[in-house]
Amino acid sequence: MNIAPQLFHKISYGLYIIASKKDRKFNGQIANTVFQLTSEPIKIAVSINKQNLTHEFIKQSRIFSVSILSKETPMKFIGHFGFKSGREVDKFKDINYKLGINGAPIVLDNCLGYLEAKVIGEIDIGTHTLFIGEVVAAEIMRDIEPITYDYYHKVKGGKTPMTAPTYIKEEKEVKKMDKYVCTVCGYVYDPKVGDPDSGIKPGTPFEELPDNWTCPVCGASKDAFKREE
Ligand code: FE
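In what follows, the accompanying structure is described. Along each chain, the written sequence defines residue order, and numbers are assigned to residues from 1. Reporting in this predicted model follows two pLDDT cut-offs: at least 70 for local features of residues, and 80 or more for side-chain atom pairs to be given and counted; totals over whole chains, interfaces and linings ignore these cut-offs and use all residues. Computation of side-chain values: all heavy atoms of the structure, hydrogens and water removed.

**Concerning the overall build of the protein chain**
Here's step 1: Within the protein chain, the secondary structure is distributed over four helices and 12 strands.
Here's step 2: Taken along its principal axes, the extent of the C-alpha atoms in the protein chain is 60 × 45 × 35 Å.
Here's step 3: Between buried and exposed lies partly exposed: a residue is buried under 20% and exposed over 50% of the maximum accessible area for its type, with that area taken using a 1.4 Å probe on protein chains only. Looking at the protein chain as a whole, 42% of its 229 residues are labelled buried.
Here's step 4: Nonlocal contacts in the protein chain, meaning residues at least 24 apart in sequence, comprise 62% of its contacts between residues at least 6 apart.
Here's step 5: In this description, accessible areas are obtained by the Shrake-Rupley approach with a 1.4 Å probe, and a residue is regarded as covered only by the protein chains that are shown. Of the accessible surface of the protein chain, which amounts to about 12,800 Å², a share of 51% is contributed by carbon and sulfur atoms.
Here's step 6: The positive count covers Lys and Arg only, the negative count covers Asp and Glu only, and His and the chain ends enter neither. Charged groups are reduced to one reference atom each: NZ for lysine, CZ for arginine, CG for aspartic acid, CD for glutamic acid. If you average the places of the 31 positive and of the 29 negative side-chain charges in the protein chain, the two averages end up 3 Å apart. Where helices and strands are cited, they refer to DSSP runs of H or I of at least four residues and of E of at least two residues respectively, numbered from the N terminus. We call two residues in contact whenever any of their non-hydrogen atoms come within 4.5 Å of each other.

**Some words on the sheet that holds strand β5 (residues 63-69)**
Here's step 1: Pairing between two strands is assigned when DSSP locates at least 2 bridges connecting them. As summarised here, the arrangement of the seven strands in space is β2-β1-β5-β8-β9-β4-β3, forming an open sheet in which the pairing is antiparallel. The open sheet has two edge strands with one neighbour each: β2 (25-31) and β3 (34-39). Each adjacent strand pair in this sheet contributes to an overall mean axis angle of 35 degrees, direction not counted.
Here's step 2: Relative to β5, strand β1 (residues 16-22) runs antiparallel, the two sharing four bridges. If you follow Ala19 over to β5, its bridge partner there is Ser65.
Here's step 3: Contacts from helix α1 (residues 53-61) reach β1, β2, β4 (42-49), β5, β8 (111-124) and β9 (128-140) within the one sheet, and its direction differs from that of β1 by about 55 degrees. Axis definition: a line fit to C-alpha positions, over the contact stretch in the case of helices; interaxial angles, taken between N-to-C directions, run 0 to 180 degrees.

**Points about the nonpolar core**
Here's step 1: If you look at the biggest cluster of nonpolar residues, it comprises 30 residues, and the most contacted ones within it are Leu69, Tyr187, Cys215 and Phe225.
Here's step 2: Broken down by secondary-structure element, the contributors of at least two residues to this core are β1, α2 (75-82) and β10 (180-182).
Here's step 3: At four residues, α2 tops the list of elements feeding residues into this core.
Here's step 4: Residue contacts for Phe225: discarding those within four places in its chain leaves Tyr180, Val181, Cys182, Tyr187, Tyr189, Phe206, Trp213, Cys215 and Ala220.
Here's step 5: Residues enter a nonpolar core if they are buried and are Ala, Val, Leu, Ile, Met, Phe, Trp, Tyr or Cys, with the set joined through side-chain atoms within 4.5 Å. Ranked by size, the runner-up nonpolar core spans 15 residues in total, among them Ile44, Phe64, Ala117 and Val135.

**Quick look at the coordination of the iron ion**
Here's step 1: As a rule, N, O and S atoms within 2.8 Å of a metal are its donors, except that Na, K and Ca use 3.2 Å; water is not among the atoms, so sites may look incomplete. Binding of the iron ion to the protein goes through Cys182 (SG), Cys185 (SG), Cys215 (SG) and Cys218 (SG), at separations of 2.3 Å.
Here's step 2: Of note is the iron ion, whose four donor atoms meet at the metal with angles of 101 to 116 degrees in an arrangement that counts as tetrahedral.
Here's step 3: Coordination of the iron ion draws on donor residues from a single chain, spaced C-x2-C-x29-C-x2-C in sequence. Placement of Cys182 in strand β10 and of Cys215 in the loop between β11 (188-189) and β12 (225-227) is noted, with a sequence separation of 33 residues between them. Square planar and octahedral sites, with four and six donors, are those where opposite donors lie more than 155 degrees apart and all other angles lie between 65 and 115, tetrahedral sites have four donors with every angle between 85 and 135 degrees, and the rest are irregular.

**Section: a nonpolar patch on the surface**
Here's step 1: For patch detection, residues must exceed 30% relative accessible area and be free of salt bridges, and they are connected within 9 Å for like charges or within 5 Å for nonpolar side chains (Val, Leu, Ile, Met, Phe, Trp, Tyr). The rule for a salt bridge is simple: a side-chain nitrogen of Lys or Arg has to be within 4 Å of a carboxyl oxygen of Asp or Glu. Nonpolar side chains collect at one region of the surface, where Met1, Ile3, Leu7, Phe8 and Ile11 lie side by side and expose about 600 Å² of accessible area between them.
Here's step 2: Residue placement: Phe8 occurs in the segment before β1.

This is the structure in structure tokens:
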């Protein structure tokens, strides 16, 4: 059978933070697979990798929250929840959240709304568990656009419009402008785009990034990057 991996990028998804708790600890992670199953009562499903700490937390507490990320969410914030493990860092340390009615933490930063669910079923699907939850609360906080998985990928590849001043254009002609890929998370540093979130101007070659520059998504150092083939 011929399976084209690109086909799966054509399926539309959003981007969410799934959060749960275990005893007094909180954790959350990014997921794109959240979908509504029924409307009366409202049931949803989320697919969570068994290796993730959030999986362990949901397994035990049987509750989780889903916060819907806005289109303007900085890559760093997505990286904080998406490319770090709660086993190493407390992801809730410096962010705004509140406790839901079931006691699950609900991420508020960069989110337009959230729902809370209690687990009513689960299906072992190999690498992941599909948790089925009945929604016990849902609230819209801000009427803004949600981010889509597609948008996230396109932004990652560099959607920033080219507004480089002339001197940058001249520099580009003489400097190497290779793209570099983060071997940890797959983020691509594109010199044409720079890293505006970290104050790196468009037209900055990878070689000229400050030594203390880190991957805007996962926080890996420059050493973790390799030139894109
Ligand atoms: Fe990275």
